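Now for the letters of each chain:
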Protein chains: 2
Amino acid sequence: MKLTTVKQIWENREAYLDREIDLGGWVRSNRDSKSFGFLTISDGSFFEPLQVVYHDSLSNFQTIRKINVGAALIIRGTLVATPDAKQPFEIQASEISVEGDSAPDYPLQKKRHSPEFLRTILHLRPRTNLFQAAFRVRSVIAFAIHRFFQERNFVYVHTPLITSSDAEGAGEMFRVTTLDPNDIPRTPDGLVDYRADFFGKETNLTVSGQLDGEAFAQAFRDIYTFGPTFRAENSNTTRHAAEFWMIEPEISFADLNDAMALAEDMLKYIIRYVLEHAPEEMEFLNRFVDTGLLERLNHVLNSEFGRISYTEAVDILMQHNDSFDYKVSWGTDLQTEHERFLTEQVFKRPLFVTDYPKDIKAFYMKLNPDDKTVAAMDCLVPGIGEIIGGSQREDDYDKLLARIQELHMDEESYRFYLDLRKYGSSRHAGYGLGFERCVMYLTGIQNIRDVLPFPRTVGNCEL
Amino acid sequence: MKLTTVKQIWENREAYLDREIDLGGWVRSNRDSKSFGFLTISDGSFFEPLQVVYHDSLSNFQTIRKINVGAALIIRGTLVATPDAKQPFEIQASEISVEGDSAPDYPLQKKRHSPEFLRTILHLRPRTNLFQAAFRVRSVIAFAIHRFFQERNFVYVHTPLITSSDAEGAGEMFRVTTLDPNDIPRTPDGLVDYRADFFGKETNLTVSGQLDGEAFAQAFRDIYTFGPTFRAENSNTTRHAAEFWMIEPEISFADLNDAMALAEDMLKYIIRYVLEHAPEEMEFLNRFVDTGLLERLNHVLNSEFGRISYTEAVDILMQHNDSFDYKVSWGTDLQTEHERFLTEQVFKRPLFVTDYPKDIKAFYMKLNPDDKTVAAMDCLVPGIGEIIGGSQREDDYDKLLARIQELHMDEESYRFYLDLRKYGSSRHAGYGLGFERCVMYLTGIQNIRDVLPFPRTVGNCEL
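Only a predicted model underlies this, so the values are computations on that prediction, with no experimental measurement involved.

Conventions adopted
Residues numbered from 1 in each chain as written. Chains lettered and ligands numbered in written order. Predicted model: local features only at pLDDT ≥ 70, side-chain atom pairs only at ≥ 80, totals over all residues. Heavy atoms only, no water. Patch = residues over 30% accessible without salt bridge, like charges linked within 9 Å, V, L, I, M, F, W, Y side chains within 5 Å. Areas by Shrake-Rupley, 256 points an atom, 1.4 Å probe, with all protein chains shown as cover. Salt bridge = Lys/Arg side-chain N within 4 Å of Asp/Glu carboxyl O. Lys, Arg positive; Asp, Glu negative; His and termini not counted. Charge placed at Lys NZ, Arg CZ, Asp CG, Glu CD. Helix = DSSP H or I, 4+ residues; strand = E, 2+ residues; numbered from the N terminus. Pairing = 2+ DSSP bridges. Contact = heavy atoms within 4.5 Å. Axes fitted to C-alpha atoms, helices over the stretch in contact; angles between N-to-C directions. Phe/Tyr/Trp six-rings, centres within 6.5 Å; stacked < 30°, edge-to-face > 60°. Buried < 20%, exposed > 50% of the residue type's maximum accessible area, 1.4 Å probe, protein only. Parallel < 35°, antiparallel > 145°, perpendicular 65-115°, else oblique. Nonpolar A, V, L, I, M, F, W, Y, C, P; charged D, E, K, R; others polar.

Asks: Just to check I follow, could you spell out a positive patch on the surface for this structure?
Replies: On the surface, a cluster of positive charge is made up of Arg31(A), Lys86(A), Lys110(A) and Arg287(A). With respect to the element layout, Arg31(A) can be found in strand β1 (residues 20-32).

Here you go:
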């Protein structure tokens with residue numbers, strides 16, 4: 001079908017003015033009087049809708065007068081400038097056909113609905129302004145991330161989702177199986193006989209693609225992953241989902257400073273790209289969701305990210321322990337309240353905290369010469385807290401093996417990972433960016449359920 | 001670390017000639033004589049390696065002489081032109097430091113290894129020419145796909161992987177659970193009590209994001225998904241994997257012809273993009289993997305894809321039933337042998353077969369006026385067979401409901417999908433592109449295990 005889109009019209013209005021246009025779209029509102037009416041039409045291609053004027057000269061005027069919000073229409077008409085009206089132009093319809101009617105019980109009406117209510121109609125909420133903005137921006141951010149890494153010659157690696165290892169023991173995992181729960185095969189001593197399962201062994205959904213990513217980084221130098229990740233954690237918060245997307249770049253011949261520089265460049269690139277490619281959506285979010293959003297993001301573009309060691313951060317935080325729910329001392333993990341205090345109150349901009357105690361960080365992080373801390377970094381941003389966590393990786397075979405043994409991890413499962421330290425181990429570093437946190441940060445939306453198209457959380461798996 | 005990459009050198013050789021360069025990379029080969037030697041260095045940034053010459057003036061000459069293939073080195077030296085040699089330039093090293101040694105049992109030697117052997121060392125095979133080409137091209141194709149759709153204003157939608165529906169009954173599914181298989185909770189009548197499972201119900205890994213994608217297409221007009229998909233099918237072939245990636249665009253106010261035009265544009269865009277952005281890799285694949293690859297792809301760029309109805313295709317195929325393992329008659333599904341015959345022997349170019357019998361296609365496809373066939377299309381390409389399958393979707397509420405009932409599907413699970421036909425149903429169409437098939441098609445690689453970074457197949461889930 002040859003239809004003009006609302007985006008084409010808004011972006012090339014001069015070319016379309018006073019010309020006949022065929023347009024398909026959905027009714028956002030319909031105001032009629034006796035002999036004419038106004039439709040607001042959205043076709044999803046552009047955040048701003050288009051006004052359509054129709055008159056009783058239409059053969060189906062009585063039908064269109066009564067058409068419900070949500071209906072799909074195909075409109076033929078002329079685009080005319082309306083210099084005295086709120087909107088710069090409108091379509092004067094000569095013909096309107098009903099592509100798909102909207103039943104009277106259509107749940108979206110012109111009034112504003114609460115995000116809570118809209119979560120009960122996941123399949124319809126993308127038609128509202130809030131979710132038009134949220135999911136367009138989500139898409140634009142995703143592409144910005146690909147562009148950023150591809151422009152820098154990174155190889156995009158699809159690390160697997162079904163895994164037989166537990167990556168870093170980073171969290172509770174979902175089991176993946178084809179065994180019939182009503183008839184689980186058993187070994188003679190009563191254990192589950194995984195030989196009968198699809199992969200012939202116990203398998204789970206991945207919590208991180210990093211370890212596999214490192215293998216590719218030791219071949220392609222610079223790589224990134226961008227894929228789904230899972231946590232079967234029973235945390236019913238506004239920040240946690242069971243299924244979410246993560247970006248994990250890994251760079252070789254690189255240290256912690258290189259990883260931080262990359263992360264800062266990346267975040268600034270994403271912000272710049274989104275401001276440029278979704279200005280209408282960002283304007284809406286700034287107005288109706290998070291006043292100050294644009295100011296904050298522009299401030300980030302013009303700031304150098306702060307850098308502070310964990311030890312220095314703890315010194316600062318301990319002076320404010322009175323105001324924290326969780327008291328801080330050297331060796332404790334930082335909570336969101338502490339992270340936000342540092343980035344919002346102390347630095348007033350994004351901030352890297354580095355060199356955490358080894359005991360609160362993952363086994364693969366590079367041990368610092370002090371033998372107490374590791375070359376880790378968390379990037380904290382206002383409004384969110386941690387958005388990125390990364391590290392330089394332990395590239396010394398003996399130290400890595402010692403750490404694996406010290407933590408009583410299954411050495412055999414990490415044989416391939418140790419191999420990377422045995423055959424041409426180059427120093428390397430990387431980080432993980434939680435994609436939904438990034439979308440929340442750029443949209444100002446506070447609940448992770450509202451930046452995920454079909455959120456999966458404890459007890460919730462709809463559609 | 002400030003290092004120059006091999007890619008920068010190859011692409012800007014003039015700028016680097018006769019200048020001192022610091023380079024990090026891995027040894028591909030090392031030939032030494034008494035007082036000097038040659039290293040071939042790959043840093044993963046570029047398909048072609050770089051030659052490094054070193055002399056006994058190096059303080060660690062004896063170490064470098066004996067350095068094993070696979071070692072990581074950091075080299076300081078001067079780039080000099082070598083007009084009489086095979087390679088256009090080389091580095092004359094003034095300093096070489098060993099970043100990471102390579103143990104004597106390094107499994108990759110200079111000789112060519114079989115893909116079968118390399119599948120046993122998934123973590124090291126990306127360092128070989130074949131997999132440098134395969135996985136760089138895979139990454140470039142992935143980005144080409146994103147670019148194609150984003151340039152056309154499509155919204156990228158992350159449809160969920162964990163699902164409580166079975167989508168289209170398209171295949172065997174993996175169950176996702178946190179129930180302990182040694183202690184499964186039961187209801188009073190002995191069934192599994194899924195209320196105790198993470199989501200409070202039975203959940204699976206998705207076989208397609210299409211139905212959810214349609215909800216977004218009825219809001220954003222044009223959308224695409226690009227994510228992992230799963231099949232728990234016990235098919236141990238060179239074409240099937242349990243975990244693979246799929247691209248599923250969905251377009252509104254669009255019919256089957258629009259979907260075919262989009263698919264053809266997309267495939268040509270991808271081919272053009274890859275030829276332009278990975279010429280060295282494509283040259284290698286053409287030379288060592290699939291002679292005629294480049295000719296075939298260029299031919300596709302210059303062909304209009306064929307179009308033929310299923311009924312016409314069957315008429316042709318029946319004349320050649322003698323040569324097929326599976327005999328064809330109207331109503332049978334086409335096998336790869338038939339698909340390849342049509343695209344390779346009859347049309348000698350990519351080909352859309354349309355309007356299949358409704359009984360061999362999914363419930364959601366739009367019924368044609370003949371009441372026997374549906375507005376489906378498969379895109380067949382030489383060397384592969386089906387690479388894309390799509391359809392116009394049934395947009396009529398009553399017909400869709402009737403079909404769901406006729407097939408005894410669970411009506412309640414499709415309530416949201418029926419809603420899309422109740423509230424502003426616009427005609428719409430879409431298709432699925434199997435990403436790995438696409439990579440196989442563009443690389444000439446015959447086994448799906450060799451285009452997946454860490455393949456998952458029956459009985460195989462390594463690393």
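Asks: Can you walk me through the sheet that holds strand β14 (residues 373-381) of chain A in this structure?
Replies: Backbone-to-backbone hydrogen bonds join strands into a sheet, with any given pair of strands oriented parallel or antiparallel. All names here are of chain A. Taken together, eight strands build an open sheet; the order of strands is β6-β10-β11-β16-β15-β14-β13-β12 and the sheet is mixed. The open sheet has two edge strands with one neighbour each: β6 (155-156) and β12 (306-309). Here nine bridges tie strand β10 (residues 222-230) to strand β11 (residues 243-252), and the two strands are oriented antiparallel to one another. Bridge pairing in β11 links Phe-226 to Ile-247. Running over the sheet, helix α14 (residues 435-443) touches β10, β11, β14, β15 (385-392) and β16 (428-434) and is turned about 60° from β16.

Asks: Which parts of the structure should I look at to understand the packing of aromatic side chains?
Replies: Working definition: an aromatic ring pair is given by the centre-to-centre distance plus the angle between the planes. Taken as a whole and assessed by the stated rule, the structure comprises 65 aromatic pairs over all chains. On the numbers, 5.0 Å between centres and 80° between planes, the contact of Phe148(A) with Phe149(A) is edge-to-face. Here Phe148(A) falls in the buried class, since its relative accessible area comes to 0%. With relative accessibility at 0%, the residue Phe149(A) sits in the buried group. Aromatic pair Phe148(B) and Tyr269(B): ring centres 5.2 Å apart, planes at 65°, arrangement edge-to-face. Pair noted here: Phe148(B) is in helix α5 (residues 129-151) and Tyr269(B) is in helix α7 (residues 256-277), with a separation of 121 residues, a long-range link. Using a relative accessible area of 12% as the deciding quantity, one classes Tyr269(B) as buried.

Asks: Got a minute to help me understand the pattern of salt bridges in this structure?
Replies: Note that side chains of opposite charge can pair when their charged atoms are close. All told, the structure shown has 55 salt bridges over all chains when counted by the stated rule. The partner of Glu411(A) in a salt bridge is Arg415(A), with the nearest N and O atoms 3.2 Å apart. Classification of Arg415(A) as partly exposed rests on a relative accessible area of 28%. Between Glu344(B) and Arg340(B) there is a salt bridge, with its nearest N and O atoms 2.7 Å apart. On the criterion of helical spacing, the pair formed by Glu344(B) and Arg340(B) is a turn pair, its members being four residues apart in helix α11 (residues 336-346).

Asks: Where do I start with the packing of helix α10 (residues 310-318) of chain B against α11(B) in this structure?
Replies: If you want to describe how two helices pack, look at the angle between their axes and the distance between the axes. Residue and element names in this part refer to chain B. One can describe the packing of α10 onto α11 by two numbers: an axis separation of 11 Å at closest approach and a directional angle of 85°. Classified by the angle their axes make, α10 and α11 are roughly perpendicular. Across the interface between the two elements, Ala-313, Ile-316 and Leu-317 of α10 pack against His-338, Phe-341, Leu-342 and Val-346 of α11. The residue inventory of the contact of α10 with α11, partitioned by class, reads six nonpolar, one polar and no charged.

Asks: Help me understand the side chain of Thr159(B) in this model?
Replies: Within the secondary structure layout, Thr159(B) lies in the loop between β6 (155-156) and β7 (162-163). Residue classification places Thr159(B) among the buried positions, given a relative accessible area of 10%. Apart from residues no more than four positions distant in its own chain, Thr159(B) is found in contact with Glu243(A), Gly209(B), Asp212(B), Gly213(B) and Thr225(B).

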